[in-house]
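Here's the letter readout for the chains.
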Amino acid sequence: MNRTTVHLDESVNGLVPHEPVFERVGDDRLVWQYLEHKCPRPLGPLAQSIYPTLFRSFTAAFRDMGFQRGAALRFLFHRGYVYSHFILPEGSPVTGNPSSPTPTERWNAEWKPYIMSHLVRLEDISLTGIPDDELGRLLQEIIELCGYAWDVHHRLTYPEVEAFYNWCRINIAGVTNEELHELFLGQDFLSLRQARGFWKLAHIASSLTEGCVEEDSDWATQPQFLAELSQFVSKHGLYLTTYCDIGRPSWEEDPSAIVAIVKRYMAANLPDPSLRIEQQILKRQERCQVLSAALPIDKRPEFDRLYLSAFSSLHLREDHVEWIEQRPLALLRRVCKAFGIRLHALGLIEDPLDCAYFTLTELYQFACGISIAQALRELPARKSSYESDLKFKPPRFIREAPRSSPDDVSKLLKGMGISRGTVSGRVCSVRSVGEAFEKLSWGDILVCPEIGPDWTPLFSIAGGLVIESFAGGMLSHAALVAREYRIPAILGIKSACSLLDGRYVDLDGTTGLVEIGRRFESM
């Protein structure tokens, strides 16, 4: 992969228009979907201006994977809300050189060392007192690092897992997918460690208050809780409260978001997750012994090699977010805040956090001594526009896509079962992780468009899971974590959020069936 030349995208304006701005001829005839599950809030000018850098290499990455045509990911902002249009690649990828290193091998040998070395050096730089022009060069370098990291992100594929599954199906007579899934239980992914951290915080808070979760409780100010909170923040504090939104604080800056999640855990009164993990590890080890014993002795070394490679690949898929989505963007936010502090010290803005209403180009121009008088004049209007956008209810689609109505479907819906088991319960239909943390009660069936690692703490609370998207299939993040928590889960039920909202359902994660029951009254 070639290093990308640094450039600051100038297509994002500080003042957000109230109507969608279509970039190309014909864009107004495409269907654009609101990415509510990732970005439930509008993005300000600062956050919008990093998007072109993060996603400019998407099409090139698919081409490098061997897809000759198709595969494009386009973004559009409507009053600050993110919409996307995805074009699937055509045909099958052209097979490359089989001796070429896999993405996992390139990650370990090339990509991660490059990203990590730059992060360590840049994170160690003190921003206090450095000249403006040097701060501008630092801004450029971090934008380049973000572009490089996301270029890698678009190239990460995980063929080792599929290769291992296929090898086992050929060489182990009668092996089932469920048996192979058990080989990947008891994981220690970043998101699972984060969820265990929430449980520990909730456990300490409950011990301080005897389980009371009242708003006026002072458990969040007790030294024992604050000490554990400090440990949690040191490990997970770079997490941004909204996906890729460098205009909003991280958990490190605003731990109140952590405290809110801890309250949900306290209310659910969850058991110690370490007991479940120990059981899952034992199950994994037993299954590994059984399958290895079913092989001829001469094939066991190949089984071990492919298994280790697949195990490592899954860890990369789950944990690369720290190096790509968290630390580079947190570093970029830190530098942007330094600009805000300087603008405030000069009396140009009232609050250092108003840096969120400038674009990256404008901050760089300030560092170079170029006038940003127009941006300063527009600042009150930009802030007012953003406040107005917060109250705006964006449509799910620009150019409405066809969708099912609850009256048009049968009582039985079919998807892909990804975690076996059955459960009955009340549906909690949500479209963003923030909404889920507000609404989900213990035992509810969580129904949502799509999930990522930031949804993992909710698996401790949910009784079951239904996801509209098919993305990732049996080895998706949702499938891996649902099996870890032993909750039934189904992928690929289109329009599930609207079809199941307000219902009781019976869910079968083995067959992929959801039976729609009666409605319930909202409390």
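Residues numbered from 1 in each chain as written. Predicted model: local features only at pLDDT ≥ 70, side-chain atom pairs only at ≥ 80, totals over all residues. Heavy atoms only, no water.

Colleague: Could you give an account of the overall build of the protein chain, naming the residues involved and the relevant values?
Modeller: Each helix and strand in the protein chain was counted, giving 18 helices and 12 strands. The 523 residues of the protein chain split such that 52% are buried. (Helix = DSSP H or I, 4+ residues; strand = E, 2+ residues; numbered from the N terminus. Buried < 20%, exposed > 50% of the residue type's maximum accessible area, 1.4 Å probe, protein only.)

Colleague: Pulling in residues and values, what's your account of unusual backbone geometry?
Modeller: Positive phi outside glycine occurs at Arg 79, with the angle close to 55°. The residue Arg 79 is located in the loop between β2 (70–78) and β3 (81–89) in this model. Its identity as a non-glycine residue notwithstanding, Asn 269 has a phi of 50°, on the positive side. Mapped onto the elements of the fold, Asn 269 is located in the loop between α10 (256–268) and α11 (273–293).

Colleague: Before we move on, could you go through the packing of helix α8 (residues 190–209) against helix α9 (residues 223–236) and cite the residues and values that matter?
Modeller: As a packed pair, α8 and α9 sit with axes 10 Å apart at the nearest point and diverge in direction by 170°. Taken together, the axes of α8 and α9 lie roughly antiparallel to each other. Here Leu 190, Arg 193, Gln 194, Gly 197, Phe 198, Lys 200, Leu 201, Ile 204, Ala 205 and Leu 208 of α8 come into contact with α9, specifically with Gln 224, Phe 225, Glu 228, Leu 229, Phe 232 and His 236. When its residues are assigned to classes, the contact of α8 with α9 shows 9 nonpolar, 4 polar and 3 charged. (Axes fitted to C-alpha atoms, helices over the stretch in contact; angles between N-to-C directions. Parallel < 35°, antiparallel > 145°, perpendicular 65-115°, else oblique. Contact = heavy atoms within 4.5 Å. Nonpolar A, V, L, I, M, F, W, Y, C, P; charged D, E, K, R; others polar.)

Colleague: Lay out the nonpolar core in plain terms, naming residues and giving numbers.
Modeller: Among the nonpolar cores identified, the biggest contains 70 residues, and Phe 164, Val 262 and Phe 303 are the most heavily contacted of them. Excluding anything up to four places from it in sequence, Phe 303 contacts Phe 164, Trp 167, Cys 168, Ile 172, Leu 183, Cys 288, Leu 291, Ser 292 and Leu 295. (Core = buried A, V, L, I, M, F, W, Y, C linked by side-chain atoms within 4.5 Å.)

Colleague: Outline the side chain of Arg 483, listing residues and values.
Modeller: As for its position among the elements, Arg 483 is in helix α17 (residues 477–485). As a buried residue without a salt bridge, Arg 483 has its nearest oppositely charged side chain in Glu 178, at a separation of 6.0 Å. Contacts of Arg 483, omitting those with residues within four sequence positions, involve His 181, Leu 185, Gln 280, Ile 418, Ser 419, Met 474 and Leu 475. (Lys, Arg positive; Asp, Glu negative; His and termini not counted. Salt bridge = Lys/Arg side-chain N within 4 Å of Asp/Glu carboxyl O.)

Colleague: Give me the pairing of strand β7 (residues 422–429): which residues, what numbers.
Modeller: Relative to strand β11 (residues 503–508), β7 runs antiparallel, the two being bridged by 5 bridges. Paired with Ser 424 across the bridge in β11 is Asp 506. Direction of pairing for β7 relative to strand β8 (residues 445–448): parallel, over a ladder of 3 bridges. Pairing of Val 427 across the sheet is with Ile 445, part of β8. (Pairing = 2+ DSSP bridges.)

Colleague: Outline the pattern of salt bridges, listing residues and values.
Modeller: Opposite charge on two side chains permits them to pair, given that their charged atoms come into close proximity. Inspection of the entire model under this criterion finds 27 salt bridges. The residue Lys 200 makes a salt bridge to Glu 228 at a minimum N-O spacing of 3.9 Å. Linking Lys 200 in helix α8 with Glu 228 in helix α9, this pair joins segments that are 28 residues apart in sequence. Of the residues examined, Lys 200 reaches a relative accessible area of 41% and is grouped as partly exposed. Among the residues examined, Glu 228 registers a relative accessible area of 18% and is labelled buried. Two residues, Glu 302 and Arg 305, come together in a salt bridge whose shortest N-O distance is 2.8 Å. In this pair, Glu 302 and Arg 305 are both assigned in helix α12 (residues 300–319), 3 residues apart and thus about one turn of the helix distant. With relative accessibility at 48%, the residue Arg 305 sits in the partly exposed group. The structure contains a network of salt bridges with shared partners spanning Glu 178, Glu 179, Glu 182, Arg 287 and Arg 420.

Colleague: Lay out the packing of aromatic side chains in plain terms, naming residues and giving numbers.
Modeller: All told, the structure shown has 29 aromatic pairs when counted by the stated rule. Look at Phe 164 and Phe 303: their rings are 5.6 Å apart centre to centre, the planes differ by 50°, and that puts the pair in the tilted class. Taken as a pair, Phe 164 in helix α6 (residues 159–171) and Phe 303 in helix α12 lie far apart in primary sequence, 139 residues in all. For the pair formed by Phe 164 and Phe 303, the shared burial category is buried. Three or more aromatic residues joined by ring pairs make a cluster, and in this case those are Phe 164, Tyr 165, Trp 167, Phe 184, Phe 303, Tyr 307 and Phe 311. Above the plane of the ring of Phe 392 lies Arg 79, whose end atom (NZ or CZ) is 4.4 Å from the centre. (Phe/Tyr/Trp six-rings, centres within 6.5 Å; stacked < 30°, edge-to-face > 60°. Lys NZ or Arg CZ within 6 Å of the ring centre and 35° of its normal.)

Colleague: Could you give an account of the environment of Asn 166, naming the residues involved and the relevant values?
Modeller: Looking at the element boundaries, Asn 166 is found in helix α6. For Asn 166, the side chain forms a polar contact with the side chain of Arg 169, separated by 2.9 Å. (Polar contact = N/O pair within 3.5 Å; in protein donor to acceptor, adjacent residues only side chain to side chain.)

Colleague: Quick rundown of the environment of Gln 326? Include the residues and the values.
Modeller: Summarising the element assignment, Gln 326 is placed in helix α13 (residues 321–345). On the accessibility criterion, Gln 326 (14% relative accessible area) is buried. Residues contacting Gln 326, with those up to four places away along its chain left out, are Leu 190, Leu 238, Tyr 239 and Val 321.

Colleague: Which residues make up the environment of Leu 314, and what values go with them?
Modeller: For Leu 314, the location among the structural elements is in helix α12. Note on Leu 314: relative accessible area 1%, which makes it buried. Along the primary structure Leu 314 and His 477 are separated by 163 residues, whereas in three dimensions their C-alpha atoms are 9.4 Å apart. With near-sequence residues (within four places) excluded, Leu 314 lies in contact with Val 161, Phe 184, Gln 187, Phe 189 and Leu 480.

Colleague: Tell me about the state of the cysteines, residues and numbers included.
Modeller: One pass over the structure, following the stated rule, counts 0 disulfides. Cys 168 takes part in no disulfide bond, and the closest cysteine sulfur, belonging to Cys 288, lies 9.3 Å away. Assessed through its relative accessible area of 0%, Cys 168 is described here as buried. The structure places no disulfide on Cys 428, whose sulfur is separated from the nearest cysteine sulfur, that of Cys 448, by 9.4 Å. (Disulfide = S-S within 2.5 Å.)

Colleague: Quick rundown of the confidence of the model for the protein chain? Include the residues and the values.
Modeller: Taken residue by residue, the protein chain gives an average pLDDT of 87. The fraction at 70 or more is 89%. Per-residue pLDDT stays below 50 along residues 1–7; that stretch engages in 17 contacts with residues further than four places along the chain or on separate chains. (pLDDT = per-residue confidence, 0-100.)

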